[in-house]
Every structure is written in structure tokens, then in C-alpha cells.
Amino acid sequence: MGGLADPRIGVALGGGSARGLMHVSYIEAMDELGLKPATIAGTSIGSLIGAGWASGMSGQELRQHSFEMLGTMRLIMGRLWTTQVRGLRGIFTNGIPIQLDAARIVDSFLPAGFPEDFRELKLPLYVVATDYQSWHQVVFSTGPMRPAIAGSIAIPSFFKPVPFAHHLLVDGGVTNPLPLDQAAADTDILVGIDVNGDPSEQLTKSDPKMFDVWFGSAQIMMHALIAHTMAAYPPDVYVRPHVHKFGAMEFWRVREIIEHADKEKDNFKRQLTRKLDDFIANQQKNSAAVLPIALRPSRK
């Protein structure tokens, strides 16, 4: 840039269960623009995918890994089975577990050789979870990473709360479903990727099922929290893909989910490119304003 500083980009990856797989497409879009974030902040599945990104995985690698881990119901159930129940003896001793163990899920689905500690990451990462006992968000950016991610993804009722670092952790989306506040610090361009969904998507459902009501109610809560966070930390680039086609736990539809988000990649890249152009133009303007008169270009 001829002496001009590159913009520091902060990216907030929101929570949304299986719908959060759409994050992969936007990460690919940034790769295609040749951009790396200065800061990544993630909640729930956003923390899991953000950790892969921060470890050095490209969007394409994240896509391929997601396909390999989640490509069919049989793959998912096989991993859940071996993760939760260790053989027939475990069934008779402990019964079929109703609540999943988030720490074991994280270990099972992360790639082999994945970093254990935040300091091993190539990019700064902030993982947002919720302290069930104090009702406050907890943010992790140092120390052991896997238990922090486990706490961040621990959706109440589906996962057992995660005891870690003197906290009892549940899903970060309970307090901060789109962590713009954590991604905003010392950044020039703030990007928010909101996979919570649109309230208008529920209007056509006149007889929702029990799980739809549970998750839909959570979406209403998270929508209000996101609106509050956006008022305090307005993003420069904000995307909210349409997610109503996909159930919250339909991870086996990974290919459809990511390919659905692919349709929005060009629009996202246009938004981000405009902000980059504005940043460069402002830098050039400010640089010219401080040049000594003798060094300013002649208008002859």
C-alpha cells in the first residue's frame, strides 16, 4: 500500500447450532480476497469454527473437514456413540446419556493434532461462554482452549454444563450470541456474521413442534441480545443469511447449509471491498493532509 497500514479486521462469528456451518463460506470469501482477520471472536459453533480458522485452517480446509466429520447421519451418530458410550458395559452401567458431554464432542470433531492452548494459534481468538452461576459472559483468550470451546457450545439441556476455570459454563449464546464487543477492540473494520435467523421466518408456522418452540424462543432472546450489541458496537459489514430451511440440529445437511451460504459470498465480498476502499481512501486523504507544503504534488 505504499506506506499505508493494512486495515485491522475484527470478525465476530455468531452462534446458531448447525446453521453456524455457514460461517465456512464467509471465511472462504475472505480467503479469496486475500484477507486475514486481526481478531476473531466466536460464540457457540462460531467459537469452534473460529478456532479452526485461528489455527491456520483455510476456508476450503474447514469445508472439507466439515464434510468429512458431518457428511451423513451415520457418521455423526457413530461419533456420538463412541464419544458418549464406551461399549455395552457403559450402557448397562450408566444408561443412554440424555445430555451430551461437550468436552468429548470437541475432542471428537476437532482435527488430529489441533492446538491445545490459545498461545499456539496463528490468529488471536476470543471464545465467549456463559457462567451459569453468575449469569455473566466469560471470555477466554489464553490458557487451555478445548474446555473453553466446550463451554461455549454447551447448549442448555442438550449438553451438560462444563466446569472450567472456576466457572460452570453453558452456551455463549445465552449472554452474547454475536460477540461484536470482543471483535471490535483495536480494529479498523468490524465484521459481524449473524446466523441466528430472521424473525419473519417463523410467521408461516402456525403449528410449531415442541423443539421448534424451544429453539424459536431461544432465537427471540438472541435476536434481542444481538440488537443491543449492534447498537453499542455497530459493525461495518453485517451479514445475516437466510437460515430457515435448516433445522438447528441438522448437522448432517452440512453440504446444503454451506452451499446455501455460498450464494451470499459475492455480496459479502462487495460489502467488505467497499469498506476496504473507504479505509484506503481515508488513509490517503489523511496522509496528504499532513504532508509539508513542499512535498505536496504540484497542480500545474
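Residues numbered from 1 in each chain as written. Predicted model: local features only at pLDDT ≥ 70, side-chain atom pairs only at ≥ 80, totals over all residues. Heavy atoms only, no water.

**What to know about the overall build of the protein**
At step 1: Scanning the protein from N- to C-terminus turns up eleven helices and eight strands.
At step 2: Within the protein, the proportion of its 300 residues that are buried is 49%.
At step 3: Put simply, the protein shows about 15,400 Å² of open surface, and 57% of that area lies on carbon and sulfur atoms. (Helix = DSSP H or I, 4+ residues; strand = E, 2+ residues; numbered from the N terminus. Buried < 20%, exposed > 50% of the residue type's maximum accessible area, 1.4 Å probe, protein only. Areas by Shrake-Rupley, 256 points an atom, 1.4 Å probe, with all protein chains shown as cover.)

**Comments concerning the packing of aromatic side chains**
At step 1: Following the criterion strictly, the structure yields two aromatic pairs and no others.
At step 2: Between Phe140 and Phe164, the aromatic rings sit 5.3 Å apart at their centres with planes inclined by 45 degrees, giving tilted as the arrangement. In this pair, Phe140 is assigned in strand β4 (residues 136-140) and Phe164 in strand β5 (residues 162-164), connecting sequence segments 24 residues apart.
At step 3: Relative accessible area serves as the criterion here: at 16%, Phe164 is assigned to the buried category.
At step 4: The ring of Phe67 is capped by Arg255, whose NZ or CZ atom sits 4.1 Å from the centre of that ring. (Phe/Tyr/Trp six-rings, centres within 6.5 Å; stacked < 30°, edge-to-face > 60°. Lys NZ or Arg CZ within 6 Å of the ring centre and 35° of its normal.)

**Points about the environment of Thr130**
At step 1: With respect to the helices, strands and loops of the structure, Thr130 is situated in strand β3 (residues 125-131).
At step 2: Classification of Thr130 as buried rests on a relative accessible area of 2%.
At step 3: The spatial distance from the C-alpha of Thr130 to the C-alpha of Thr43 is 9.7 Å, given a sequence separation of 87 residues.

**Thoughts on the side chain of Lys269**
At step 1: Examined against the element boundaries, Lys269 turns out to sit in helix α11 (residues 265-289).
At step 2: By relative accessible area, Lys269 is classed as buried at 18%.
At step 3: At a separation of 2.7 Å, a polar atom in the side chain of Lys269 contacts the side chain of Glu32.
At step 4: Here Lys269 is in contact with Ala29, Glu32 and Leu33, once residues within four sequence places are set aside. (Polar contact = N/O pair within 3.5 Å; in protein donor to acceptor, adjacent residues only side chain to side chain. Contact = heavy atoms within 4.5 Å.)

**Let's talk about the pattern of salt bridges**
At step 1: If you walk through the whole model with that rule in mind, you get eleven salt bridges.
At step 2: With its nearest N and O atoms 3.3 Å apart, the salt bridge here joins Glu28 to Lys265. Taken together, the residues span a long stretch of sequence, with Glu28 in helix α1 (residues 23-32) and Lys265 in helix α11 at a distance of 237 residues. The same class applies to Glu28 and to Lys265, which are both buried. (Salt bridge = Lys/Arg side-chain N within 4 Å of Asp/Glu carboxyl O.)

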